[in-house]
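A look at the structure
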Amino acid sequence: MSKQELEKVAANGLINRRHLLGLGLAGMGTIASTSLLGADAGLNLEIPGWSKQPGASASGYGSRSRFTDDMQRMAGNPNPLYPGGGASRSPLHQLQGSITPNSLHFERHHAGIPDIDPAQHKLVIHGLVRQPLVFSYEDLLRYPMVSKIYFLECSGNSGSLFGPNPADGSAQSLHGLVSGAEWTGIPLSTLLDEAGVDPEARWINAVGADAASMGRSIPLNRAMDDVMLALFQNGEPVRPGQGYPMRLFVPGCEGNISVKWLTQIKLTREPTHFRDETSKYTDTRLDRKSLQFTFPMGTKSVITSPSGQMKLERQGIYQVSGIAWSGRGSIRRIEVSADGGRTWADAMIQSHQSEKALARFSIPWEWSGGNAVLQSRATDSQGNVQPTRSSLVTEKGNISTYHFHGIQSWAVNTAGDVANVYA
Amino acid sequence: MSMLRKLLTASAASVSLAIGLSAGVQAQSLGTPVNENQLQNFDLIAQPDGSGYPEGSGTARQGKAIFERRCVACHGMNGEGTSANTRLVGGDIQSEERPIRTVGSYWPHASTLFDYVQRAMPADAPKSLTSDEVYQVIAYVLNLNGIIEDSLVLNKESLMQVEMPNKDGFIDSSQAL
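An account of the accompanying structure is given in this report. Not measured: the values here are computed from a predicted model.

All right, on to the packing of helix α3 (residues 60-70) of chain B against helix α6 (residues 131-144) of chain B then. The description of two packed helices rests on the angle between their axes and on the distance between the axes. All names here are of chain B. Put simply, α3 and α6 touch, their axes get as near as 7 Å, and they point 95° apart. The orientation of α3 with respect to α6, classified from their angle, is roughly perpendicular. Between α3 and α6, the residues in contact are Ala60, Gln62, Gly63, Lys64, Ile66, Phe67, Glu68 and Arg69 and Glu133, Gln136, Val137, Ala139, Tyr140, Val141 and Asn143, respectively. Its residues assigned to classes, the contact of α3 with α6 comprises 7 nonpolar, 4 polar and 4 charged.

Here we take up the nonpolar core. All names here are of chain A. Judged by nonpolar contacts, the single largest core of 40 residues is most densely connected at Leu14, Ile334, Val336, Trp365, Leu374, Trp410 and Val412. Mapped onto this core, the elements with two or more residues apiece are α3 (171-175), β18 (300-305), β19 (316-325), β20 (331-337), β23 (359-367), β24 (372-380), α6 (389-396) and β25 (409-412). With near-sequence residues (within four places) excluded, Val412 lies in contact with Leu312, Trp365, Trp367, Gly370, Asn371, Ala372, Leu374, Asp417 and Val418.

This next bit is on the interface of chain A and chain B. At the interface, 57 residues of chain A touch 55 residues of chain B. Across the chain A to chain B interface the summed buried area is about 4,800 Å²; carbon plus sulfur atoms make up 54%. Among the residues chain A hides against chain B, the three largest losses belong to Arg142, Arg275 and Arg288 of chain A. Together they make up 15% of the total. Counting across the interface, chain A meets chain B through 1 salt bridge.

Within the secondary structure, Pro108 of chain B sits in the loop between α4 (72-75) and α5 (111-120). Overall, Pro108 of chain B belongs to the buried group, its relative accessible area being 6%. The sequence separation of Pro108 of chain B and Lys167 of chain B amounts to 59 residues, and the corresponding C-alpha distance is 4.0 Å. Setting aside chain neighbours within four positions, we find Pro108 of chain B in contact with Thr278 of chain A together with Met164, Asn166, Lys167 and Phe170 of chain B.

Attention now moves to the packing of aromatic side chains. Throughout the structure, instances matching the rule amount to 14 aromatic pairs over all chains. Pairing Tyr137 of chain A with Tyr244 of chain A gives two aromatic rings, centres 6.2 Å apart and planes at 65°, and the pair type is edge-to-face. Taken as a pair, Tyr137 of chain A in helix α2 (residues 137-140) and Tyr244 of chain A in the loop between β13 (236-237) and β14 (247-249) lie far apart in primary sequence, 107 residues in all. The exposure class of Tyr137 of chain A is buried, given its relative accessible area of 12%. An angle of 45° between the planes, with centres 6.4 Å apart, marks the rings of Tyr318 of chain A and Trp365 of chain A as tilted. Here Trp365 of chain A lies in strand β23 and Tyr318 of chain A lies in strand β19, a separation of 47 residues in the sequence. Judged by its relative accessible area of 0%, Trp365 of chain A is buried. Here a set of aromatic residues connected by ring pairs shows up, and it is made of Tyr150, Trp183 and Phe249 of chain A. Seen from the ring of Tyr422 of chain A, Arg389 of chain A lies directly overhead, with NZ or CZ sitting 3.4 Å from the centre. Over the ring of Tyr106 of chain B we find Arg101 of chain B, and its NZ or CZ is 5.4 Å from the ring centre.

There is about 1,300 Å³ of room inside the largest pocket. Contributions of two or more residues to the lining of the largest pocket are made by β4 (86-89), β5 (107-109) and α3 of chain A. The biggest single contributor to the lining of the largest pocket is β4 of chain A, with 4 residues. Each residue belonging to the lining of the largest pocket can be placed in one class, and the counts come to 15 nonpolar, 19 polar and 9 charged. Each pocket or cavity is described by its volume, and for the second largest pocket that value is around 720 Å³. Taken together, 39 residues form the lining of the second largest pocket, with His75, Asn85, Thr86, Tyr116 and Met121 of chain B sitting closest to its centre. It is α5 of chain B that provides the largest number of residues to the lining of the second largest pocket, a total of 4 residues. Looking at the lining of the second largest pocket residue by residue, the class counts come to 23 nonpolar, 9 polar and 7 charged.

What counts and how
- Numbers given for residues are sequential positions, taken from 1 along each chain in its written order.
- Here chains are named by letter from A upward and ligands by number from 1 upward, in the order in which they appear as written.
- Note on the predicted model: pLDDT of at least 70 is required for a residue's local features to be given, and 80 or more for side-chain atom pairs to be given and counted; whole-chain, interface and lining totals, by contrast, use all residues.
- The side-chain values count all of the structure's non-hydrogen atoms but skip hydrogen atoms and water molecules.
- Only C-alpha atoms enter the line fits that serve as axes; for helices the fit covers just the stretch in contact. Angles between N-to-C directions range over 0 to 180 degrees.
- Each helix corresponds to a stretch of at least 4 residues labelled H or I by DSSP, and each strand to a stretch of at least 2 residues labelled E; elements are numbered beginning at the N terminus.
- Reported orientations rely on four angle classes, namely roughly parallel under 35 degrees, roughly antiparallel over 145, roughly perpendicular from 65 to 115, and oblique for the rest.
- For this analysis, residues touch if any pair of their heavy atoms sits within 4.5 Å.
- Residue polarity is assigned by list, with Asp, Glu, Lys and Arg as charged and Ala, Val, Leu, Ile, Met, Phe, Trp, Tyr, Cys and Pro as nonpolar; anything else, Gly included, falls into the polar class.
- We call a set of buried Ala, Val, Leu, Ile, Met, Phe, Trp, Tyr and Cys residues a nonpolar core when their side-chain atoms join them within 4.5 Å.
- In this scheme, a residue with accessible area under 20% of its type's maximum is buried, one over 50% is exposed, and one in between is partly exposed, where area comes from a 1.4 Å probe on protein chains only.
- Simply put, the buried area is the total loss of 1.4 Å probe accessible area from both parts when two parts are fitted together.
- Here, a salt bridge means any Lys or Arg side-chain nitrogen found within 4 Å of an Asp or Glu carboxyl oxygen.
- Pairing of aromatic rings covers Phe, Tyr and Trp, the last counted by its six-membered ring, and requires centre-to-centre distances within 6.5 Å; plane angles under 30 degrees mean stacked, over 60 mean edge-to-face, and any other angle means tilted.
- Think of it as a cone above the ring: NZ of Lys or CZ of Arg counts as a charge over the ring if it is within 6 Å of the ring centre and within 35 degrees of the ring normal.
- Cavity: a set of points on a 1 Å grid over the protein atoms alone where a 1.4 Å probe fits but cannot get out. Pocket: an open set with protein on both sides within 12 Å along at least five of seven lines, its lining residues, like those of a cavity, having an atom within 4 Å of a point.
- Grid points are joined across faces, edges and corners, and a volume is the space filled by probe spheres set on the points.

Below is the structure:
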């Protein structure tokens, strides 16, 4: 079977996703022998040096290979006019699967990371409850917990794509404010029930123990639903940058409402209208009215490889790989285009497809040295389809730059350079 | 607190909460009861309905000196800001070309200014202002925006009466799916 006989499922080189699932082995073999092995047929393999001497011993705390040290979050420089403020972005282009290592999970802080001693930390639940309560960290560890895999995305992620011109950026710099993890904690309803919710209460007001005492108001009906007091992330205590010793976790919603370093939950009739739910994290429409409390993150996907600022060094087969997520359900379908959205092919979803979690997709693609525009389009379990960038910007305008979830276009030119474009 | 006392307190609390709760839930009641008085120095939440404000008062005239000492390094001499994020004054949300959102042009509630400055500002020393100083300095910010007179005594009653220009500019989307 020749390369040309691989089943092309959309224009410009997209190949049936089943070819690399073992169902198209004849085709696979051909690809392998032409593109990978052929050139180096005379190579003689030797036993490498590390196989001839004992390696390092087991250690108390693991570290990664020194050959992967370049995998770093992208953090801004410290700014004395915004002490502790800012964000760090996950290196999406270097990661695989659907769980982000805790050390590379994105961060956004408004006044830095507090150094909290869990023995001194308190969580207070008060306001419109029968009995205000205070919990220590130790108290909370005695509750039954649940573990769930969820994505977390900053509402400002991908915000630069609202801009009139495409920024020169990478998957990390443009879209790195999203990550995925397994979160373990106590359903918030357990603790609210224990305090006894007053029938007059409509909102919870959640406040963190950081220097900004960051606060957000969340409707009580949502707080009693799937909201969690998260104590563990990917099996270890939540790290300081993620809210140690505890954070709120509101699945599927803009990251800012999953208040970190949680220390206070006050039940009230009305929301507080905190600064971060009025001045910021609100969406001004073209008619100049602003939407407040826009929590769920949109149905979205992004190709993480090949992606912006990469270079394809040679022609042949690549795996187009990326992540998809929806604040309103699970990911049901991912389509990929190599011709700027004219033709589409179904990608394989290679990870679990659980509610409000990252799903990893891939599809084989043969780059034959020409121009291409790679795009991905997600559909969630509610039938929501990721919109094009232009339809999103036409609908929402770009006065506010939160909740961007339009389709990302990566152009590949004949030199193999990959760049962010508007297509 | 000893483990024994803790468990006793927990079971006492569960007895008082027993109505409508199953035995299983009661067994997990591990929080320690507190009362609102014990939270006075802890709870900073100040709402538009006037709840949560400390005693104290101040005028913009008094606030000018505090602003110049504690705020201008980051917010500029007249609140014009040192970055898009720190502009406190002016702007026009209705502008065709450049709708700019500030305390004056965008914020729907004056209560937010009290709540935020008390909890988070000045950013290099949050919670270092007295309640009087918070009233004074936010009076100054409101005055710079032309929202109140520089002689108005801001306190928990008068703050509730302050009308923000964009008070009708927001739509609650909290129940949208």
